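Spelled out from the first residue to the last, the chains are:
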Amino acid sequence: MGRRALRAVLMALVLTPAAQAHAGPNEVLVLPAAHAESDAQAEPDPAIDALLPRLDQLVSEAVQDSGLTLALERRGPREVPDDDELVEQAQSNWLVLPTLGREGRKLRLRIVAIRPGTRVLTTRSELSSEDDLDVRIAVMMRDLMQSAPAAVRTPVGASPPVAAQEAEEPRSSGRAVLALNAAIFGGYVGYSIQAASGSSDERLVYPLVALGSGVGLGASMLVADEWDISVGGAWFLSAGLWWPTSAGLLLAAHYEVPKADRYVYGVVAGTGGVALAVAAMSLSDVSEGDAALAHSGGVLGMGLGGLTELFVRGSTNETPVGGMGYGAAAGTLAAGVLATQLDLRASRVLLIDLGVTLGALTGAAAASPLLLVDEEESKARTRVWLGSTFAASLLGAGIAYWWTGKGERPAEPHASLPALPYAFATPEARGARWEAGLLGRF
(Lines give C-alpha, C1' and ligand atoms only; values in the text may rest on other atoms or scores of the structure.)
Protein backbone atom coordinates (compact mmCIF):
# COMPACT_ATOMS: atom_id res chain seq x y z
CA MET A 1 0.00 0.00 0.00
CA GLY A 2 1.43 3.36 -1.03
CA ARG A 3 1.88 6.33 1.28
CA ARG A 4 -0.99 8.21 -0.34
CA ALA A 5 -3.35 5.25 0.03
CA LEU A 6 -2.31 4.72 3.65
CA ARG A 7 -2.89 8.40 4.39
CA ALA A 8 -6.34 8.24 2.79
CA VAL A 9 -7.35 5.22 4.90
CA LEU A 10 -6.06 6.89 8.07
CA MET A 11 -7.90 10.13 7.29
CA ALA A 12 -11.12 8.20 6.68
CA LEU A 13 -10.83 6.45 10.05
CA VAL A 14 -9.87 9.61 11.90
CA LEU A 15 -12.37 11.97 10.36
CA THR A 16 -15.45 9.72 10.37
CA PRO A 17 -16.50 10.80 13.89
CA ALA A 18 -15.97 14.44 12.88
CA ALA A 19 -18.40 14.08 9.98
CA GLN A 20 -21.07 12.96 12.41
CA ALA A 21 -20.27 15.62 15.02
CA HIS A 22 -20.67 18.82 13.01
CA ALA A 23 -23.92 20.71 12.76
CA GLY A 24 -25.19 23.51 10.56
CA PRO A 25 -24.30 24.17 6.92
CA ASN A 26 -21.92 21.68 5.38
CA GLU A 27 -20.00 24.17 3.24
CA VAL A 28 -16.44 24.97 4.35
CA LEU A 29 -14.43 27.95 3.17
CA VAL A 30 -10.70 27.22 3.43
CA LEU A 31 -8.61 30.39 3.33
CA PRO A 32 -5.18 30.23 1.66
CA ALA A 33 -2.46 29.00 4.01
CA ALA A 34 -0.20 31.79 5.21
CA HIS A 35 2.88 32.38 7.30
CA ALA A 36 2.42 32.37 11.05
CA GLU A 37 1.85 35.74 12.64
CA SER A 38 5.17 35.50 14.50
CA ASP A 39 6.96 35.24 11.14
CA ALA A 40 5.03 38.04 9.45
CA GLN A 41 7.65 40.71 10.20
CA ALA A 42 10.63 38.41 9.60
CA GLU A 43 12.32 37.67 6.30
CA PRO A 44 10.30 35.23 4.14
CA ASP A 45 11.33 31.60 4.49
CA PRO A 46 11.57 29.93 1.04
CA ALA A 47 11.01 26.50 2.59
CA ILE A 48 7.75 27.64 4.20
CA ASP A 49 6.64 29.28 0.94
CA ALA A 50 7.18 25.99 -0.87
CA LEU A 51 5.08 24.10 1.71
CA LEU A 52 2.05 26.45 1.64
CA PRO A 53 0.48 25.00 -1.57
CA ARG A 54 0.86 21.51 -0.13
CA LEU A 55 -0.78 22.70 3.09
CA ASP A 56 -3.73 24.06 1.06
CA GLN A 57 -4.17 20.70 -0.64
CA LEU A 58 -3.95 18.66 2.58
CA VAL A 59 -6.48 20.83 4.42
CA SER A 60 -8.87 20.72 1.45
CA GLU A 61 -8.59 16.92 1.28
CA ALA A 62 -9.21 16.68 5.04
CA VAL A 63 -12.37 18.75 4.67
CA GLN A 64 -13.69 16.54 1.86
CA ASP A 65 -12.77 13.34 3.70
CA SER A 66 -14.79 14.54 6.71
CA GLY A 67 -18.01 14.61 4.66
CA LEU A 68 -18.17 18.41 4.30
CA THR A 69 -18.37 20.40 1.07
CA LEU A 70 -15.45 22.53 0.00
CA ALA A 71 -16.54 26.06 -0.94
CA LEU A 72 -15.49 27.01 -4.47
CA GLU A 73 -14.59 30.67 -4.08
CA ARG A 74 -11.86 32.86 -5.47
CA ARG A 75 -8.59 32.44 -3.61
CA GLY A 76 -7.34 35.58 -1.88
CA PRO A 77 -3.85 36.66 -0.87
CA ARG A 78 -1.78 34.59 1.53
CA GLU A 79 -2.15 36.79 4.58
CA VAL A 80 -3.68 36.35 8.03
CA PRO A 81 -6.93 38.37 8.45
CA ASP A 82 -7.81 39.78 11.84
CA ASP A 83 -10.40 38.12 14.08
CA ASP A 84 -13.27 40.39 13.03
CA GLU A 85 -12.72 39.64 9.36
CA LEU A 86 -12.67 35.90 10.05
CA VAL A 87 -15.96 36.09 11.97
CA GLU A 88 -17.63 38.08 9.18
CA GLN A 89 -16.70 35.44 6.59
CA ALA A 90 -18.11 32.62 8.76
CA GLN A 91 -21.75 33.78 8.83
CA SER A 92 -23.24 31.00 6.70
CA ASN A 93 -20.44 28.46 6.33
CA TRP A 94 -17.50 26.96 8.14
CA LEU A 95 -14.23 28.86 7.89
CA VAL A 96 -10.78 27.29 8.20
CA LEU A 97 -7.47 29.19 8.21
CA PRO A 98 -4.18 27.23 8.31
CA THR A 99 -0.87 28.95 9.08
CA LEU A 100 2.63 27.55 9.08
CA GLY A 101 5.82 28.73 10.76
CA ARG A 102 9.14 27.36 11.92
CA GLU A 103 10.11 26.71 15.51
CA GLY A 104 13.64 25.33 15.79
CA ARG A 105 13.96 22.26 13.60
CA LYS A 106 10.19 21.63 13.63
CA LEU A 107 7.23 23.22 11.86
CA ARG A 108 4.59 25.04 13.90
CA LEU A 109 1.22 24.17 12.33
CA ARG A 110 -1.78 26.23 13.45
CA ILE A 111 -5.37 25.81 12.22
CA VAL A 112 -8.24 28.14 13.13
CA ALA A 113 -11.84 26.95 12.61
CA ILE A 114 -15.11 28.88 13.06
CA ARG A 115 -18.49 27.19 13.10
CA PRO A 116 -21.14 29.08 11.08
CA GLY A 117 -23.22 31.46 13.14
CA THR A 118 -20.73 31.74 16.03
CA ARG A 119 -18.14 34.30 17.07
CA VAL A 120 -15.75 31.81 18.66
CA LEU A 121 -12.38 30.98 17.11
CA THR A 122 -11.33 27.42 17.88
CA THR A 123 -7.58 27.07 17.42
CA ARG A 124 -5.27 24.09 17.45
CA SER A 125 -1.49 24.43 17.27
CA GLU A 126 1.05 21.62 17.18
CA LEU A 127 4.66 20.96 16.26
CA SER A 128 5.17 18.63 13.32
CA SER A 129 7.79 17.44 10.89
CA GLU A 130 7.38 17.86 7.15
CA ASP A 131 6.74 14.15 6.62
CA ASP A 132 3.96 14.02 9.23
CA LEU A 133 1.96 17.00 7.96
CA ASP A 134 -0.74 14.88 6.31
CA VAL A 135 -1.55 12.77 9.37
CA ARG A 136 -1.16 15.72 11.73
CA ILE A 137 -3.64 17.80 9.71
CA ALA A 138 -6.16 14.94 9.68
CA VAL A 139 -6.05 14.62 13.47
CA MET A 140 -6.18 18.38 14.04
CA MET A 141 -9.16 18.82 11.70
CA ARG A 142 -11.03 16.03 13.50
CA ASP A 143 -10.41 17.68 16.87
CA LEU A 144 -11.46 21.09 15.56
CA MET A 145 -14.71 19.82 14.06
CA GLN A 146 -15.64 18.06 17.28
CA SER A 147 -14.64 20.81 19.69
CA ALA A 148 -16.01 23.84 17.80
CA PRO A 149 -18.99 25.20 19.83
CA ALA A 150 -22.46 25.37 18.34
CA ALA A 151 -24.12 28.66 17.46
CA VAL A 152 -25.23 30.74 20.41
CA ARG A 153 -28.05 33.28 20.18
CA THR A 154 -26.94 36.81 21.03
CA PRO A 155 -29.05 39.96 21.43
CA VAL A 156 -29.42 42.20 18.44
CA GLY A 157 -26.56 44.66 18.27
CA ALA A 158 -24.49 42.82 20.84
CA SER A 159 -20.84 42.17 20.05
CA PRO A 160 -19.58 39.39 22.28
CA PRO A 161 -15.81 39.13 22.50
CA VAL A 162 -14.00 36.64 20.32
CA ALA A 163 -12.43 33.83 22.33
CA ALA A 164 -9.52 31.70 21.28
CA GLN A 165 -8.86 28.18 22.49
CA GLU A 166 -5.25 27.16 22.03
CA ALA A 167 -4.61 23.40 22.11
CA GLU A 168 -0.95 23.07 23.02
CA GLU A 169 1.03 20.07 24.20
CA PRO A 170 0.78 19.87 28.01
CA ARG A 171 3.71 21.29 29.91
CA SER A 172 6.19 18.64 31.02
CA SER A 173 4.43 15.88 29.09
CA GLY A 174 7.36 13.58 29.95
CA ARG A 175 6.67 13.85 33.68
CA ALA A 176 5.62 10.19 34.03
CA VAL A 177 8.66 8.84 32.15
CA LEU A 178 10.98 11.04 34.20
CA ALA A 179 9.34 10.00 37.46
CA LEU A 180 9.62 6.29 36.65
CA ASN A 181 13.32 6.44 35.80
CA ALA A 182 14.15 8.72 38.73
CA ALA A 183 12.33 6.46 41.21
CA ILE A 184 14.12 3.34 39.96
CA PHE A 185 17.52 5.05 40.01
CA GLY A 186 16.81 6.41 43.50
CA GLY A 187 16.09 2.89 44.70
CA TYR A 188 19.35 1.73 43.10
CA VAL A 189 21.24 4.50 44.91
CA GLY A 190 19.72 3.39 48.21
CA TYR A 191 20.78 -0.20 47.57
CA SER A 192 24.28 1.01 46.61
CA ILE A 193 24.60 2.86 49.91
CA GLN A 194 23.68 -0.28 51.84
CA ALA A 195 26.12 -2.41 49.81
CA ALA A 196 28.97 0.10 50.13
CA SER A 197 28.53 0.31 53.91
CA GLY A 198 29.54 -3.33 54.25
CA SER A 199 26.51 -4.12 56.40
CA SER A 200 25.07 -7.62 56.06
CA ASP A 201 21.78 -6.74 57.78
CA GLU A 202 19.11 -7.32 55.15
CA ARG A 203 16.59 -5.35 57.20
CA LEU A 204 18.29 -2.14 56.02
CA VAL A 205 17.89 -2.92 52.33
CA TYR A 206 14.18 -2.23 51.94
CA PRO A 207 14.05 1.03 53.95
CA LEU A 208 17.03 2.44 52.02
CA VAL A 209 15.57 1.38 48.68
CA ALA A 210 12.21 2.91 49.58
CA LEU A 211 13.87 6.12 50.80
CA GLY A 212 15.94 6.39 47.63
CA SER A 213 12.90 5.82 45.43
CA GLY A 214 10.95 8.49 47.26
CA VAL A 215 13.79 11.00 46.97
CA GLY A 216 14.15 10.26 43.26
CA LEU A 217 10.40 10.61 42.68
CA GLY A 218 10.26 13.91 44.55
CA ALA A 219 13.26 15.27 42.67
CA SER A 220 11.66 14.37 39.33
CA MET A 221 8.47 16.23 40.30
CA LEU A 222 10.48 19.34 41.17
CA VAL A 223 12.37 19.16 37.87
CA ALA A 224 9.15 18.71 35.87
CA ASP A 225 7.59 21.73 37.60
CA GLU A 226 10.64 23.92 37.05
CA TRP A 227 11.43 22.96 33.45
CA ASP A 228 9.32 21.84 30.49
CA ILE A 229 10.34 18.19 30.05
CA SER A 230 8.93 16.59 26.91
CA VAL A 231 8.53 12.85 26.38
CA GLY A 232 11.58 12.81 24.10
CA GLY A 233 13.60 14.78 26.64
CA ALA A 234 12.67 12.36 29.45
CA TRP A 235 13.73 9.32 27.41
CA PHE A 236 16.92 11.14 26.38
CA LEU A 237 17.73 11.67 30.06
CA SER A 238 17.05 7.99 30.75
CA ALA A 239 19.58 7.06 28.05
CA GLY A 240 22.16 9.28 29.74
CA LEU A 241 21.31 7.59 33.04
CA TRP A 242 21.12 3.86 32.44
CA TRP A 243 23.74 3.18 29.79
CA PRO A 244 26.57 4.98 31.66
CA THR A 245 25.41 3.19 34.82
CA SER A 246 25.67 -0.14 33.01
CA ALA A 247 29.10 0.87 31.70
CA GLY A 248 30.28 1.69 35.21
CA LEU A 249 29.13 -1.68 36.56
CA LEU A 250 30.72 -3.61 33.69
CA LEU A 251 34.04 -1.78 33.97
CA ALA A 252 34.09 -2.29 37.73
CA ALA A 253 33.59 -6.02 37.17
CA HIS A 254 36.28 -6.02 34.48
CA TYR A 255 38.87 -4.46 36.80
CA GLU A 256 37.80 -6.78 39.64
CA VAL A 257 36.62 -4.03 41.96
CA PRO A 258 35.27 -5.46 45.25
CA LYS A 259 31.57 -6.22 44.98
CA ALA A 260 30.75 -3.81 47.80
CA ASP A 261 32.14 -0.90 45.73
CA ARG A 262 30.92 -1.83 42.26
CA TYR A 263 27.52 -0.24 42.73
CA VAL A 264 29.14 3.08 43.60
CA TYR A 265 30.89 3.03 40.22
CA GLY A 266 27.49 2.71 38.59
CA VAL A 267 26.07 5.62 40.61
CA VAL A 268 29.00 7.90 39.70
CA ALA A 269 28.84 6.95 36.00
CA GLY A 270 25.05 7.41 35.87
CA THR A 271 25.25 10.82 37.53
CA GLY A 272 27.90 11.92 35.05
CA GLY A 273 25.79 10.65 32.15
CA VAL A 274 22.76 12.64 33.33
CA ALA A 275 24.91 15.77 33.61
CA LEU A 276 26.07 15.35 29.99
CA ALA A 277 22.50 14.72 28.84
CA VAL A 278 21.29 17.89 30.57
CA ALA A 279 24.11 19.86 28.92
CA ALA A 280 23.11 18.50 25.50
CA MET A 281 19.44 19.37 26.10
CA SER A 282 20.37 22.93 27.07
CA LEU A 283 22.19 23.42 23.75
CA SER A 284 19.66 21.81 21.40
CA ASP A 285 16.03 20.76 21.15
CA VAL A 286 15.63 17.04 21.85
CA SER A 287 12.93 14.97 20.15
CA GLU A 288 11.79 11.38 20.52
CA GLY A 289 14.01 10.45 17.58
CA ASP A 290 17.03 11.88 19.40
CA ALA A 291 16.16 9.83 22.48
CA ALA A 292 15.85 6.68 20.37
CA LEU A 293 19.25 7.44 18.82
CA ALA A 294 20.84 7.80 22.28
CA HIS A 295 19.43 4.46 23.46
CA SER A 296 20.46 2.86 20.19
CA GLY A 297 24.01 4.12 20.69
CA GLY A 298 24.16 2.47 24.10
CA VAL A 299 22.90 -0.89 22.85
CA LEU A 300 25.01 -1.03 19.69
CA GLY A 301 28.07 0.35 21.48
CA MET A 302 27.84 -2.38 24.08
CA GLY A 303 27.51 -5.08 21.44
CA LEU A 304 30.26 -3.80 19.14
CA GLY A 305 32.55 -3.16 22.12
CA GLY A 306 32.12 -6.76 23.21
CA LEU A 307 32.90 -7.97 19.68
CA THR A 308 36.04 -5.83 19.65
CA GLU A 309 37.35 -7.34 22.89
CA LEU A 310 36.64 -10.86 21.64
CA PHE A 311 38.46 -10.04 18.39
CA VAL A 312 41.54 -8.82 20.24
CA ARG A 313 41.51 -11.84 22.54
CA GLY A 314 40.82 -14.29 19.71
CA SER A 315 38.54 -16.37 21.88
CA THR A 316 34.87 -16.50 22.78
CA ASN A 317 35.20 -18.51 26.00
CA GLU A 318 34.85 -15.54 28.37
CA THR A 319 32.28 -12.77 28.58
CA PRO A 320 33.80 -9.49 27.28
CA VAL A 321 32.62 -7.30 30.16
CA GLY A 322 35.41 -4.77 29.63
CA GLY A 323 34.68 -4.22 25.96
CA MET A 324 30.96 -4.05 26.66
CA GLY A 325 31.52 -1.38 29.32
CA TYR A 326 33.78 0.78 27.15
CA GLY A 327 31.47 0.28 24.17
CA ALA A 328 28.34 1.29 26.10
CA ALA A 329 30.00 4.47 27.37
CA ALA A 330 31.48 5.43 23.99
CA GLY A 331 28.33 4.54 22.05
CA THR A 332 26.06 6.56 24.31
CA LEU A 333 28.38 9.57 24.20
CA ALA A 334 28.74 9.46 20.41
CA ALA A 335 25.01 8.98 19.85
CA GLY A 336 24.20 11.83 22.24
CA VAL A 337 26.46 14.17 20.29
CA LEU A 338 24.95 13.04 16.96
CA ALA A 339 21.45 13.56 18.34
CA THR A 340 22.15 17.28 18.70
CA GLN A 341 23.25 17.52 15.06
CA LEU A 342 20.82 15.20 13.24
CA ASP A 343 17.04 15.26 12.91
CA LEU A 344 15.99 11.60 12.72
CA ARG A 345 12.59 10.12 13.37
CA ALA A 346 12.30 7.40 16.00
CA SER A 347 10.92 4.96 13.40
CA ARG A 348 13.95 5.53 11.19
CA VAL A 349 16.32 4.90 14.10
CA LEU A 350 14.57 1.61 14.85
CA LEU A 351 14.86 0.55 11.20
CA ILE A 352 18.58 1.33 11.28
CA ASP A 353 18.90 -0.81 14.43
CA LEU A 354 17.11 -3.58 12.57
CA GLY A 355 19.60 -3.21 9.72
CA VAL A 356 22.52 -3.53 12.17
CA THR A 357 21.00 -6.66 13.71
CA LEU A 358 20.27 -8.33 10.38
CA GLY A 359 23.72 -7.39 9.10
CA ALA A 360 25.43 -8.91 12.15
CA LEU A 361 23.40 -12.13 11.85
CA THR A 362 24.15 -12.37 8.13
CA GLY A 363 27.87 -11.85 8.67
CA ALA A 364 27.98 -14.40 11.48
CA ALA A 365 26.06 -16.95 9.40
CA ALA A 366 28.24 -16.40 6.32
CA ALA A 367 31.47 -16.96 8.29
CA SER A 368 30.15 -19.72 10.55
CA PRO A 369 31.76 -22.56 8.48
CA LEU A 370 35.13 -21.32 9.77
CA LEU A 371 34.16 -22.48 13.25
CA LEU A 372 33.23 -26.00 12.10
CA VAL A 373 36.59 -27.06 10.68
CA ASP A 374 37.70 -28.95 13.79
CA GLU A 375 36.91 -29.11 17.46
CA GLU A 376 39.92 -27.04 18.55
CA GLU A 377 39.41 -23.32 18.60
CA SER A 378 41.67 -21.33 16.29
CA LYS A 379 42.33 -17.68 17.09
CA ALA A 380 42.74 -16.79 13.43
CA ARG A 381 39.43 -18.36 12.38
CA THR A 382 37.68 -16.88 15.41
CA ARG A 383 38.97 -13.41 14.53
CA VAL A 384 37.81 -13.80 10.94
CA TRP A 385 34.35 -14.82 12.14
CA LEU A 386 34.15 -11.91 14.60
CA GLY A 387 35.50 -9.46 12.01
CA SER A 388 32.89 -10.62 9.51
CA THR A 389 30.13 -10.08 12.07
CA PHE A 390 31.45 -6.61 12.97
CA ALA A 391 31.87 -5.49 9.36
CA ALA A 392 28.47 -6.85 8.30
CA SER A 393 26.76 -4.99 11.16
CA LEU A 394 28.32 -1.69 10.04
CA LEU A 395 27.36 -2.45 6.45
CA GLY A 396 23.80 -3.18 7.52
CA ALA A 397 23.67 0.14 9.37
CA GLY A 398 24.87 2.01 6.30
CA ILE A 399 22.38 0.30 3.98
CA ALA A 400 19.49 0.90 6.39
CA TYR A 401 20.44 4.57 6.80
CA TRP A 402 20.60 5.04 3.02
CA TRP A 403 17.42 3.10 2.33
CA THR A 404 15.31 4.82 4.99
CA GLY A 405 16.50 8.21 3.74
CA LYS A 406 15.21 7.69 0.19
CA GLY A 407 12.48 10.11 -0.74
CA GLU A 408 13.03 12.41 2.24
CA ARG A 409 13.45 16.10 1.66
CA PRO A 410 16.83 17.50 2.69
CA ALA A 411 16.81 19.06 6.12
CA GLU A 412 16.93 22.80 6.38
CA PRO A 413 20.44 24.11 7.07
CA HIS A 414 21.02 25.10 10.64
CA ALA A 415 23.98 25.92 12.79
CA SER A 416 26.01 22.77 13.37
CA LEU A 417 27.21 24.04 16.73
CA PRO A 418 24.89 25.85 19.13
CA ALA A 419 27.92 27.31 20.94
CA LEU A 420 31.28 28.56 19.64
CA PRO A 421 34.51 29.31 21.51
CA TYR A 422 36.16 32.71 21.27
CA ALA A 423 39.44 34.28 22.36
CA PHE A 424 41.00 37.72 21.96
CA ALA A 425 43.80 39.84 23.41
CA THR A 426 43.49 43.42 24.69
CA PRO A 427 46.67 45.58 24.65
CA GLU A 428 47.60 47.06 28.00
CA ALA A 429 50.46 49.11 29.41
CA ARG A 430 52.29 46.06 30.74
CA GLY A 431 51.53 43.63 27.94
CA ALA A 432 48.29 42.10 26.74
CA ARG A 433 45.28 40.73 28.56
CA TRP A 434 43.85 37.51 27.12
CA GLU A 435 40.21 36.52 27.42
CA ALA A 436 38.54 33.33 26.25
CA GLY A 437 35.10 31.83 26.65
CA LEU A 438 32.12 30.15 25.01
CA LEU A 439 29.50 32.10 23.07
CA GLY A 440 26.11 30.58 22.26
CA ARG A 441 22.54 29.89 23.41
CA PHE A 442 22.24 28.18 26.79
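Here, every reference points to the structure presented above.
Since we're looking at a predicted model, the values are computed, not measured.

Student: Quick rundown of the side chain of Glu309? Include the residues and the values.
Tutor: Tracing the backbone through its elements, the reader meets Glu309 in helix H9 (residues 288–313). On the basis of relative accessible area, Glu309 is assigned to the buried category, the value being 17%. Filtering out sequence-adjacent residues up to four positions away, Glu309 remains in contact with His254, Pro320, Val321, Gly322, Gly323 and Met324.

Student: Break down the nonpolar core for me, citing the residues and quoting the values.
Tutor: Ranked by size, the top nonpolar core spans 25 residues in total, and within it Val96, Leu100, Leu109, Ile111, Ile137 and Met141 carry the most contacts. Looking at this core, the elements that each hand over two or more residues are strand E1 (27–30), helix H2 (46–65), strand E4 (94–103), strand E5 (106–114) and helix H4 (133–147). By residue number, the principal contributor to this core is H2, which donates eight residues. One finds Ala239, Ala280, Ala291 and Ala335 within the second-largest nonpolar core, a separate group that totals 23 residues.

Student: Tell me what's going on with the pairing of E4, and back it up with residues and numbers.
Tutor: Counting buried positions along E4 yields eight of ten residues, so the element is predominantly enclosed. Sheet analysis places E1 next to E4, joined by three bridges and oriented parallel. Bridging across to E4, Val30 finds its partner in Val96. The pairing of strand E2 (residues 34–35) with E4 spans two bridges and is classified as parallel. Paired with Ala34 across the strands is Thr99, a residue of E4. Turn length for the E4-E5 hairpin, with the two strands adjacent in sequence and antiparallel, is two residues, and the turn residue Gly104 shows positive phi of about 70°.

Student: Before we move on, could you go through a nonpolar patch on the surface and cite the residues and values that matter?
Tutor: A surface patch of nonpolar side chains, amounting to about 390 Å² of accessible area, comprises Leu351, Leu354, Leu358 and Leu361. Mapped onto the elements of the fold, Leu358 is located in helix H11 (residues 346–367). A relative accessible area of 47% places Leu358 in the partly exposed class.

Student: Can you break down helix H6 (residues 205–226) residue by residue, with the values?
Tutor: If you check H6, its first and last C-alpha atoms are 32 Å apart, about what 22 residues at 1.5 Å a residue would give, namely 32 Å. Every buried residue of H6 is accounted for by Val205, Gly212, Gly216, Ser220 and Ala224. Looking down the long axis of H6, one finds its buried residues gathered within 100° of arc, a one-sided arrangement. Opposite the buried face of H6, by more than 90 degrees, sit the exposed residues Ala210, Leu211, Val215, Leu222 and Glu226.

Student: With reference to specific residues and values, describe helix H10 (residues 321–339).
Tutor: Spanning 19 residues, H10 covers 26 Å between terminal C-alpha atoms, matching the ideal 27 Å at 1.5 Å per step. Every buried residue belonging to H10 is among Gly322, Gly323, Gly325, Gly327, Ala328, Gly331, Thr332, Ala335, Gly336 and Ala339, and all of these are buried. Tucked into the core, H10 has its buried residues touching helix H7 (231–254) and H9.

Student: Outline the packing of H7 against H9, listing residues and values.
Tutor: Taken N-terminus to C-terminus, the directions of H7 and H9 make an angle of 15°; their axes are 6 Å apart at the nearest point. The pairing of H7 with H9 is recorded here as roughly parallel in orientation. From H7, Val231, Gly232, Trp235, Phe236, Ser238, Ala239, Trp243, Ser246, Leu250 and His254 reach across to H9, where they touch Glu288, Asp290, Ala291, Ala294, His295, Gly298, Val299, Met302 and Glu309. Class assignment of the residues belonging to the contact of H7 with H9 gives a composition of ten nonpolar, six polar and three charged.

Calculation criteria
- Residues numbered from 1 in each chain as written.
- Predicted model: local features only at pLDDT ≥ 70, side-chain atom pairs only at ≥ 80, totals over all residues.
- Heavy atoms only, no water.
- Helix = DSSP H or I, 4+ residues; strand = E, 2+ residues; numbered from the N terminus.
- Buried < 20%, exposed > 50% of the residue type's maximum accessible area, 1.4 Å probe, protein only.
- Contact = heavy atoms within 4.5 Å.
- Core = buried A, V, L, I, M, F, W, Y, C linked by side-chain atoms within 4.5 Å.
- Pairing = 2+ DSSP bridges.
- Patch = residues over 30% accessible without salt bridge, like charges linked within 9 Å, V, L, I, M, F, W, Y side chains within 5 Å.
- Areas by Shrake-Rupley, 256 points an atom, 1.4 Å probe, with all protein chains shown as cover.
- Salt bridge = Lys/Arg side-chain N within 4 Å of Asp/Glu carboxyl O.
- Expected span 1.5 Å × (residues − 1).
- Arc of directions from axis to C-beta.
- Axes fitted to C-alpha atoms, helices over the stretch in contact; angles between N-to-C directions.
- Parallel < 35°, antiparallel > 145°, perpendicular 65-115°, else oblique.
- Nonpolar A, V, L, I, M, F, W, Y, C, P; charged D, E, K, R; others polar.

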